[in-house]
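# Observations on chain architecture
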Amino acid sequence: MVNFGFTEEQELIKKSVREWCAKNLPIEKVREMDTKQQVPRETVKGMADLGILLPTVPEEHGGAGLDWVSACIIAEEMGYADVTIAIPAGFQVVEGGWGHDIDKYCSEKVRKEYIQPAIRGEKFVGIATTEPGGGSDVAAFKCTAKKEGDEWILNGEKAYISGTEECKEWGGGFWILARSGPAPPGKPHRNMTGFFLPFEAPGVEISKRYDDMGRMALSCGAFTMKDVRLSDEYVVGEVDKGFYPTMEGFDNARILISCSAVGVAQRVLEIGMEYIKERKAFGRPIGKFEGIQFELADLYAKNEAIRTLCYKVAWMVDQREKGKMKSLELAKWISYCKLLAPWHALKCAETAMIWLGAWGYTKECPLEMAYRGLMSYCVGAEGAINIQRIVIGRELLGREFVPYK
Ligand SMILES: Cc1cc2nc3c(=O)[nH]c(=O)nc-3n(C[C@H](O)[C@H](O)[C@H](O)COP(=O)(O)OP(=O)(O)OC[C@H]3O[C@@H](n4cnc5c(N)ncnc54)[C@H](O)[C@@H]3O)c2cc1C
């Protein structure tokens, strides 16, 4: 029999995160973070104390050992509170999604020195696959890793990376993917190796901070690696087979961001509903006009449908973790969520802004922050929209229909 309810423990997590956010992340605080372009350290510490940083890392590795449905509940609640998506992006999606992946495949040294401090809110861990030449075509990346004696020598540049300034200031590092050997003909994803790059390693230098349009409280930058020397202990996963755990990391991050987007959509629709019930035009609340009410009905119904889909897929990620489902079986389901959730949330924010009229266009109103933040997940972060379509098309029609082959 199908059971669509959360467990008692999951309900409790939802309640405690909602209460923590109401107290610690009111919309005025979110506006302040957006303006000052910084997430306060005490906010991050508070999340650590609540046990919601990298929440799926197993207890035996120093984490809370939560399941993925619970992690998605946290991501949704954080999106509901921080509609700019800066906190959900940095601390649920990047650290929570990719941190889980690093922990799963890294050495004990990396776990102790980086993952466990990140769980305590003391360091930042992120993901750096994108390069200046592009992000979608992972197999075409140019960063190199060459083995010399006992050491790996890394060279290249990573671009549009979330959390570069936090990593520099707090300490931490990034999962990176580098070419460790020539690609065999027709197999460009082979001979790539994953590494954990400590940001303090000699040869690592931030080359840029982007002046993004949204998610202002979380930095986004580029960095170069010049003859960075790392021992085998920094290899994540198997040498030359880094592509596969990287795809797993994308799946983790994509389901989390989809749930955050559902949370933002819920919040902006609530802001919209409050307004259309109060605001009067032509002698009645504008919510009485079908032109507005029907838009609300359509957007709300679709968000409920996307939420249901996302939690089904979160449950599937739990099945993957239990070894009951293969990553490849999950791929199209994850892409359904990433394709639908951020765009729908953006549509909700845009429509609510229209309902609120001139007020919706001001910075006194939170909707514009949501719009700016959501756009990052539509243009590219954690995989561009057309890449989701390619994954879905590939899984439905077969590999011979992949457009770029
Ligand atoms: C705010 C923000 C934060 C980010 N943080 C990180 C991070 O922490 N770590 C990280 O590694 N990266 C990060 N990124 C980068 C992100 O992963 C990339 O933007 C994404 O992978 C897309 O790469 P691109 O921007 O180079 O676009 P490209 O790959 O150059 O694609 C450009 C456009 O072409 C389309 N396209 C590409 N190929 C095809 C095709 N075959 N068919 C049809 N259309 C196609 C894409 O959909 C896209 O619209 C971040 C991006 C943003 C905006």
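So, how was this worked out
- Residues numbered from 1 in each chain as written.
- Predicted model: local features only at pLDDT ≥ 70, side-chain atom pairs only at ≥ 80, totals over all residues.
- Heavy atoms only, no water.
- Near = heavy atom within 4 Å.
- Polar contact = N/O pair within 3.5 Å; in protein donor to acceptor, adjacent residues only side chain to side chain.
- Areas by Shrake-Rupley, 256 points an atom, 1.4 Å probe, with all protein chains shown as cover.
- Helix = DSSP H or I, 4+ residues; strand = E, 2+ residues; numbered from the N terminus.
- Nonpolar A, V, L, I, M, F, W, Y, C, P; charged D, E, K, R; others polar.
- Domains from an automatic or database assignment.
- Buried area = accessible area lost by both parts, 1.4 Å probe.
- Salt bridge = Lys/Arg side-chain N within 4 Å of Asp/Glu carboxyl O.
- Expected span 1.5 Å × (residues − 1).
- Buried < 20%, exposed > 50% of the residue type's maximum accessible area, 1.4 Å probe, protein only.
- Pairing = 2+ DSSP bridges.
- Core = buried A, V, L, I, M, F, W, Y, C linked by side-chain atoms within 4.5 Å.
- Contact = heavy atoms within 4.5 Å.
- Axes fitted to C-alpha atoms, helices over the stretch in contact; angles between N-to-C directions.
- Parallel < 35°, antiparallel > 145°, perpendicular 65-115°, else oblique.
- Left-handed = near helix turned anticlockwise from the far one by under 90°.

### Quick notes on the site of the ligand
Neighbouring residues of the ligand: 21 residues in total, closest I127, T130, S136, Y160 and S162. Here an oxygen atom of the ligand and a backbone polar atom of T129 are 2.8 Å apart. When isolated, the ligand has an accessible area of 980 Å², and the protein chains bury 69% of it. Those elements giving two or more residues to the shell around the ligand turn out to be β1 (124-128), β3 (151-162), α12 (367-379) and α13 (385-397). For the shell around the ligand, the per-class residue count stands at 10 nonpolar, 9 polar and 2 charged. The residue makeup of the shell around the ligand includes at least three contributed by each of domain 2 (126-236) and domain 3 (243-401).

### Comments concerning the domain arrangement of the protein
Structurally, the protein comprises domain 1 (8-124), domain 2 (126-236) and domain 3 (243-401). Computed over C-alpha atoms, the centres of domain 1 and domain 3 are 20 Å apart. Here domain 1 and domain 3 share an interface that buries about 2,900 Å² over both sides, 62% of which is from carbon and sulfur atoms. At the junction of domain 1 with domain 3, the criterion picks out 5 salt bridges.

### Some thoughts on helix α8 (residues 243-278)
Given a rise of 1.5 Å per residue, 36 residues ought to cover 52 Å, and the 53 Å separating the end C-alpha atoms of α8 matches this to within 8%. Counting buried positions along α8 yields 29 of 36 residues, so the element is predominantly enclosed.

### Re the pairing of strand β7 (residues 220-231)
Pairing between β3 and β7: 9 bridges, direction antiparallel. Looking at β7, one finds that W152 is bridged to L230. Here strand β6 (residues 204-209) pairs with β7 via 5 bridges, running antiparallel. Within β7, the residue paired with K208 across the bridge is A222.

### Some details on the nonpolar core
Of all hydrophobic cores here, the largest spans 124 residues; its most connected members are M78, L154, F223 and I255. With 16 residues, the top contributor of residues to this core is α8. Aside from chain neighbours lying at most four places away, what touches L154 is T144, A145, I176, F195, L197, M225, K226, D227, V228 and L230.

### Comments concerning the packing of helix α1 (residues 8-24) against helix α3 (residues 41-50)
Taken N-terminus to C-terminus, the directions of α1 and α3 make an angle of 160 degrees; their axes are 12 Å apart at the nearest point. With respect to α3, the axis of α1 lies roughly antiparallel. Helix-helix and strand crossings are classified by hand; for α1 and α3 the assignment is right-handed. Every residue of α3 that contacts α1 at S16, V17 and W20 is listed here: T43, G46, M47 and L50. Here the residues of the contact of α1 with α3 are counted per class, giving 4 nonpolar, 3 polar and no charged.

### Remarks on the pattern of salt bridges
Inspection of the entire model under this criterion finds 25 salt bridges. Notably, a salt bridge pairs K109 with E113, separated by 3.0 Å at the nearest N-O pair. One end of the pair is K109 and the other is E113, both in helix α6 (residues 108-119) and 4 residues apart, which spans about a single turn. Residue classification places E113 among the partly exposed residues on the basis of a relative accessible area of 32%. Salt-bridge contacts for K347 lead to E350; the nearest nitrogen and oxygen are separated by 3.3 Å. With K347 and E350 both in helix α10 (residues 327-355), this residue pair falls 3 residues apart, about one helical turn. The class for E350 is partly exposed, based on a relative accessible area of 33%. Residues joined by salt bridges that share partners form a network here, namely R31, D34, E368 and R372.

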